[in-house]
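# Secondary and tertiary structure notes
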Amino acid sequence: MNKGTGVGTGPTAAAAAVAAQKQKTMMQRVETDIANIVDNFTQLVNVARVNEPPVRNSQETFMMEMRAARMVQAADSLLKLVSELKQTAIFSGFASLNDHVEQRTNEFNQQAEKTDRMLARIGEEAAASLKELESHYYSSAQRTADTE
Amino acid sequence: MDGNLEISLDKLPVKRLDAIEENGAERYPPDSSYDEKRVSLIRRIDFAWAVEDDEERERKKKQKKSSKDASATWQWQSMVENLQLAHQELSVIIDLINTVEANDAVTVAGLTRPKPLPNEVLSDLAVSAATKLQCYRQLGKYFKQSSNSFEEQIAREARFYGALIRLQQNWKVKRQRVAAASSSNEGFTIDLFDNSLYDSAAMCRPSSLSTIRVEHDSAGMLAINLPPNSCRSLHFGFLGVHSSDIPKDLSKIRTHDSVEQRTRESEKESKSDDDYVKETHTLLREVHQSIFDDQVFEMLNREAFKQSVGVNVTGIRENYLQLSIGQGNTLFISLVPSNKGDNQDSADTQNLESAIVPLQSFDTEKKWGFPNRTSCEIYLQQIVHENAFVNEKDKPNLSSTQASGQSGKDEPGLLGHFCLSLAHRIFSNRVLMELENVVCRVPYLHLMTHPTWHSRTSSWTIFMKVPQSILHAESQSLKSDFQNLKDAIKSQFRTKVVVNDDRINVEGEGAPNVVGLFKRSSENTCSVNKYECDLADLPVIILLQVASQVICWLHEEALTVGIKTNRDFLCLTFELEQGETVSLVAHVNPEDIKGGISWWLVMEDGFAEDWKLQMDMHDGASEYRKFLGHLTLDVLYSSLMDLVSLCGGGRNH
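Calculation criteria
- Residues numbered from 1 in each chain as written.
- Chains lettered and ligands numbered in written order.
- Predicted model: local features only at pLDDT ≥ 70, side-chain atom pairs only at ≥ 80, totals over all residues.
- Heavy atoms only, no water.
- Helix = DSSP H or I, 4+ residues; strand = E, 2+ residues; numbered from the N terminus.
- Buried < 20%, exposed > 50% of the residue type's maximum accessible area, 1.4 Å probe, protein only.
- Contact = heavy atoms within 4.5 Å.
- Pairing = 2+ DSSP bridges.
- Axes fitted to C-alpha atoms, helices over the stretch in contact; angles between N-to-C directions.
- pLDDT = per-residue confidence, 0-100.

What follows covers the side chain of Ser428(B). Residues and elements named next belong to chain B. Structurally, Ser428 is set in helix α12 (residues 414-441). Relative accessible area serves as the criterion here: at 5%, Ser428 is assigned to the buried category. The contact partners of Ser428, leaving out residues within four places of it in the chain, are Ser458 and Trp460.

This paragraph deals with the sheet that holds strand β11 (residues 330-337) of chain B. All names here are of chain B. Pairing is antiparallel across the open sheet formed by four strands, whose spatial order is β8-β11-β10-β9. At either end of the open sheet lies a strand with only one pairing partner, and these are β8 (232-238) and β9 (313-317). Mean inter-strand twist for the sheet, computed between neighbouring axes without regard to direction, equals 15°. Inspection of the sheet shows β8 paired to β11 by seven bridges, in the antiparallel sense. Bridge pairing in β11 links Arg232 to Pro337. On the sheet, helix α10 (residues 373-388) packs against β8 and β11 and is oriented at approximately 125° with respect to β8. Helix-sheet contacts for α12 involve β8, β10 (320-324) and β11, and the interaxial angle to β8 is about 40°.

For the rest of this paragraph, the subject is unusual backbone geometry. Residues and elements named next belong to chain B. Residues other than glycine seldom take positive phi values, yet Asn319 does so here, at roughly 60°. Tracing the sequence through the fold places Asn319 in the loop between β9 and β10. The phi dihedral of Trp453 falls on the positive side, at around 55°, and the residue is not glycine. With respect to the helices, strands and loops of the structure, Trp453 is situated in the loop between β12 (445-450) and β13 (457-465). Exposure remark for Trp453: the relative accessible area of 63% places this residue in the exposed category.

Right, let's talk about the confidence of the model for chain B for a bit. All names here are of chain B. Across chain B, pLDDT averages 74, with 72% of residues at or above 70. In the model of chain B, helix α5 (residues 246-252) stands out as the element of lowest mean pLDDT, 41, in contrast to β12, which has the highest, 89. Scored below 50 in pLDDT, residues 244-259 makes 24 contacts in the model with residues more than four places away or belonging to other chains. Note that pLDDT drops below 50 for residues 391-409; the model gives that stretch 23 contacts with residues more than four away or on any other chain.

Residue and element names in this part refer to chain B. Pairing between β9 and β10: four bridges, direction antiparallel. Paired with Val313 across the two strands is Leu323, which belongs to β10. Hairpin geometry of β9 and β10 is characterised by an intervening segment of two residues between the two adjacent antiparallel strands and by a positive phi of about 60° at Asn319.

Here it is as structure tokens:
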């Protein structure tokens, strides 16, 4: 049903048809499971009456256990459906994913530019400081005093 | 046979459904075996006649007994008798069953159930009700248990998917359909391979690390488990230098990996999910960097196999590349695992390096001249990153970083460019040392560094500021227009030193132009000339240049005060009366620690045209030389004025 990385809901008719089919299938599953649960629970409650021959009671016990297991199984399958939906949301929410990726890309580009500018600025400041320091050093009294 | 014919009815031998399982399979009662069939048949035997006979016999016995001891009646007596009767009946039945089993010729005709008493009915009902209630209670517990486990599962999934969503904000998460039975995870992987690198023909092999599986750990949270020595990092160094730094640096580099794994295991519960996701981000980033380093190294290996300018491979091993960059310097690039637990490899690397005989001597000066190892690593990674991420932009950087002297055919590749840059850096450090030595010794020189922002070019200027003469301070204030600035005496002389790769160009003014000398014109005698030299000659060249600039300046000063002097390369000659000359001669000695330029005063009489011959005469009659020492420019200027006044005084006579 679900493909690997998620088929996008593109403009093509085939993709849209597949998506609609998927949605229909999921709804069917949901309905089946819920009907299952409700039906089994109804039967459980109906069997609450105590009957005369004890063998019927043990029959009913078995039946109740079976219906309870069915209910739990239906609930489990519903949960699986939910997690499948979550996965699809994670992997196929292309609009939001793309937006997010673009946003991050912009952020990183800006950061890279900022770093470049900062490096250039540091370089310029270092060059300016070097020039100043050199001129101070070479014209300083310390140096001329040393050499005399 | 008796008149009554007894008929018993059997159930049809049809299989009735027993139960349905969760997956829809139907369970039938198992087929009874032969023995069970026989036993069920036996149960249908009607023992009523035998029981009645026995009861009559027992009653008779009891009457006899009771008539015997009527006095000793006991309240439990009847119960005891009933139990004994029941016991007898059961033993009869058991015997009969055994007989039937042995013979297999008797069938059970029918069995009627005894009519239950009302209390029995009620107690049966009570038992049934209690059983049912028990059953419902068990169902309730089962439901509760299931719901708890579902809630846990939901919580685990929520944590897992929450973390996965956060990871997805920075990394590429892929999902594969895995067979459900094979693994507990849903087949998520994180793809770290960057296919925007390089041209596709060259770099098509993704590393084994580039796809990372996302797994569940014991708490249901996502976990990324990496094999222990999978991350490798690029390591750069100069052979013979920094060898003592290596174990320190290796132990510093990327120990986060193992530390993180340990903390993750031990303090898992105390960390919040946010911290955990952050750590995972860090881990993924390290793997990403490791993949990049792998790719860098592979690219360098490929470049090393190509013949290109600047690349001179002297050693190659697995994950190790050694290159010679000229002048006895050798560098190596290697890939080392970045985990602390791999001390063996680092020790091996160190042994390798120390075992290789270095070609240069271990001068401290040379060690100082080497660029910082980490900055070289970063530079290497940066040029690979910039120049190898192609396709949308052309490669402007590579062409712009070529030295101007290289032809198009001999373009160095990335590795060549890197080696040439490093060689240039080492060489220019040596040049700078020489220049500083020179400048430190001569007090009126200033050194100025010009950052070229080019990795293979360096440039310095040596300034000499000459003191303003008093005369010209006045005159220069009058001559303010641009036209006359040319005629104004220069207040500073410059010598420019430019190093391209390993070629030194010296460009300076002050040395006399040969053509100008022939023409004897004062205009172009101080011109700019440039020439190349090598490192050993650089101090001498610089000092010669400076000395000639000083002579030039003195010559100009003398001209402005109206005295005509002759200027040779390092010598300024004044004419006195009677043909005598006095010369101020500069002597250049780079080894002189007190100063590079010293001055001599030489006096000659005019009759000695060829003054070289005169030097052989030991009597100082026709020549007189006095060593003046290392003079500052002010002192030189005043000496010049003294000489000028000497000349002028002589003339006035």
